[in-house]
Amino acid sequence: SSGINAEYGGERFTESDHHIQPELTMLCQQLSNLQMSSVFGIAEDTSGCLEEQSITVLPNEILIKILNFLDTDDLCRICRVNKLFNRLSKDPALYATVNLQPYYNLLVDDSLSTLSPKFTALQSLDLSWVGANGQVSTDSLCFLLRNVPSITVLRLTACKMVASSVLETLAIYCPALEVLDISYCHNGLELCVSWLTALKKLRYLNIAHTLITASELLLLLDKLHRLEWFMAGSPSLIANQNSVIERFIEKNTQLKGAEFWYWDKVNFSSICQFLYLQGSTLLELDLGWCTGIGVRDILPVIAASCSSLLILLLTAHHETTDVGLKDLAQGCPALQQLDLLGSRHITASGVEGLLAACTSLIYLDISYCLKIGVDDVEILQALFPRVQIKHVETLEQQSFDFIFR
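Reading the values: rules and limits
- Residues numbered from 1 in each chain as written.
- Predicted model: local features only at pLDDT ≥ 70, side-chain atom pairs only at ≥ 80, totals over all residues.
- Heavy atoms only, no water.
- Helix = DSSP H or I, 4+ residues; strand = E, 2+ residues; numbered from the N terminus.
- Buried < 20%, exposed > 50% of the residue type's maximum accessible area, 1.4 Å probe, protein only.
- Areas by Shrake-Rupley, 256 points an atom, 1.4 Å probe, with all protein chains shown as cover.
- Contact = heavy atoms within 4.5 Å.
- Polar contact = N/O pair within 3.5 Å; in protein donor to acceptor, adjacent residues only side chain to side chain.
- Salt bridge = Lys/Arg side-chain N within 4 Å of Asp/Glu carboxyl O.
- Core = buried A, V, L, I, M, F, W, Y, C linked by side-chain atoms within 4.5 Å.

Within the protein one finds 16 helices and 14 strands. Across the 405 residues of the protein, 50% fall into the buried class. For the protein, the exposed surface amounts to about 18700 Å²; the carbon and sulfur share of it is 55%.

Here it is as structure tokens:
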């Protein structure tokens, strides 16, 4: 789902920008060496003549633009070059988008305290996994969030220090927030997500694998009128899952993405009604391990209602068929990613027809599909080299192949 979720922020660099990172790091080193030469006020040119040279001849605006390509780690390094770079590296404009996830195991409370003054213009922050080692406290996170009033994107995946007080802080001090990811924040405590009703601009919410009750979630859905992306896999505390689906039906929210992974208590009729009302705007749909839905082939319903779908995940839907694949190919021609893991009935012929019709498809998972073997996958891969096909055999298939090879 990362391709769709990228719409709401992420790394400082785009994929096409990553190739310049080594050059920028080298530039930092060259600037440092150049400044050492400038201590003497001279440098030697190629003709052997001495001429005055200093990095300070570049306007600060140009230097800021150069520094803007560096990540947080490089900015911390370059601040030690000299007083000029120490001052420039603290410019709030350099910290509009910050990703601290790569340093999750290094950050402590003092790290957030040191960075906080630089975050006055912060718009996007990724703290995923931070605090997993217990070195970052809830109070420290709340202190940071009280000083970032302009933040619109916040990712706190698997942050163990996230508690209801953090959500309360967000509600009071971060009114511009549009994207919030608190997935896997299960520290054994229920989260009072009703605080998030104050975030009127919230469009993306990921609460997967987080302890939230049905009453809290229903209250939240009633108030979030702009919600477009709802990711809530594995809702362990929500017994009446159909009531949540029905609330979406009542509100007629125009969702772009919905993750109901492991909503095993949702029935087939509820999800069909949801798709008929919400499907026209859906770009991403995850119904993996929804065992109550998998008793029948859901593909014809999806094909008839989700014409704009780009990503479809149907892990462990055992009853999908070749007829359903044909309907899907006709109804969802823009499909890019498809997970059919565990289907008992689809065949290589049905998959070939789907791949021929869905020319935008680039990833297909047909692992543990009983009627598709290794030889079938090799043929499909040769016919459609543009598609990355993932396939893992069942134990029965592996035993069969061993016997007859």
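Residue position: Asn133 is located in the loop between strand E4 (124-126) and helix H7 (138-145). C-alpha of Asn133 to C-alpha of Asn105: the two residues are 28 residues apart in sequence and 6.9 Å apart in space. Ignoring anything within four residues of it in the chain, the contact list for Asn133 reads Tyr104 and Asn105. There is a polar contact of 2.7 Å between the side chain of Asn133 and the side chain of Gln135.

Below, the discussion takes up the pattern of salt bridges. Side-chain pairs of opposite charge can arise whenever the charged atoms involved come near each other. Under the defined criterion, the tally for this structure stands at eight salt bridges. Taking the shortest distance from any N to any O, the salt bridge between Lys265 and Asp264 comes out at 3.7 Å. According to the relative accessible area criterion, Lys265 is partly exposed, its value standing at 46%. On the basis of relative accessible area, Asp264 is assigned to the partly exposed category, the value being 29%. In this structure, Arg344 engages Glu319 in a salt bridge whose closest nitrogen and oxygen atoms are separated by 3.7 Å. Taken together, the positions of Arg344 in the loop between strand E12 (337-339) and helix H14 (348-357) and Glu319 in the loop between strand E11 (311-313) and helix H13 (322-331) put the pair 25 residues apart, joining distant regions of the chain. Its relative accessible area of 38% is what places Arg344 among the partly exposed residues. Each of Glu178, Arg203, Glu228 and Lys256 takes part in one network of salt bridges that share partners.

Phe230, Phe260, Phe274, Ile302 and Ile366 are the most contacted members of the largest nonpolar core, which totals 109 residues. In contact with Phe274, other than residues within four places in its own chain, are Ile245, Phe248, Ile249, Leu255, Ala258, Phe260, Gly279 and Leu282.

Just geometry here; none of it tells us what the structure is for.
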